[in-house]
Amino acid sequence: MFQYVWPLALVGYFLFHEAITWNKIAGAAVCLGGLALINLK
């Protein structure tokens, strides 16, 4: 699952000129943590 995160972040950065801030990194980490917890079941 984590192998998809960096390419998507790079696409967002280069194609859409999105700023990568600490809030966005923390939000992505929380979302990935939630997905990991869902998949444990």
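In the block above lies the structure referred to throughout.
Keep in mind the model is a prediction, meaning the values are calculated, not measured. (Residues numbered from 1 in each chain as written. Predicted model: local features only at pLDDT ≥ 70, side-chain atom pairs only at ≥ 80, totals over all residues. Heavy atoms only, no water.)

## Thoughts on the overall build of the chain
1) Next: Across its full length, the chain holds 2 helices and 0 strands.
2) Next: Along the first, second and third principal axes, the C-alpha set of the chain runs to 35 × 20 × 10 Å.
3) Next: Residues counted as buried form 5% of the 41 residues belonging to the chain.
4) Next: By element, 76% of the accessible surface of the chain is carried by carbon and sulfur atoms, the whole surface being about 3900 Å². (Helix = DSSP H or I, 4+ residues; strand = E, 2+ residues; numbered from the N terminus. Buried < 20%, exposed > 50% of the residue type's maximum accessible area, 1.4 Å probe, protein only. Areas by Shrake-Rupley, 256 points an atom, 1.4 Å probe, with all protein chains shown as cover.)

## Regarding the environment of Ala-9
1) Next: Along the polypeptide, Ala-9 turns up in helix α1 (residues 5–16).
2) Next: It is 17 Å that separates the C-alpha atoms of Ala-9 and Gly-33, two residues lying 24 residues apart in sequence.

## Here's the deal with α1
1) Next: Taking 1.5 Å of rise per residue, the 12 residues of α1 would be expected to cover 16 Å, and the 16 Å separating its terminal C-alpha atoms lies within 8% of that figure.
2) Next: Directly after α1, the chain includes His-17, whose backbone phi takes a positive value near 55 degrees. (Expected span 1.5 Å × (residues − 1).)

## Remarks on the environment of Tyr-13
1) Next: Summarising the element assignment, Tyr-13 is placed in helix α1.
2) Next: Tyr-13 has contacts with Glu-18 and Ile-20, leaving out every residue within four places of it along the chain. (Contact = heavy atoms within 4.5 Å.)

## With respect to a nonpolar patch on the surface
1) Next: Together, Leu-10, Tyr-13, Phe-14, Ile-20, Trp-22 and Ile-25 make up an exposed nonpolar region whose accessible area comes to about 710 Å².
2) Next: Those elements that place two or more of their residues in the nonpolar patch are α1 and α2 (22–40).
3) Next: Residue contributions to the nonpolar patch peak at 3 residues, all from α1. (Patch = residues over 30% accessible without salt bridge, like charges linked within 9 Å, V, L, I, M, F, W, Y side chains within 5 Å. Salt bridge = Lys/Arg side-chain N within 4 Å of Asp/Glu carboxyl O.)

On their own, these measurements won't tell you what the molecule is for.
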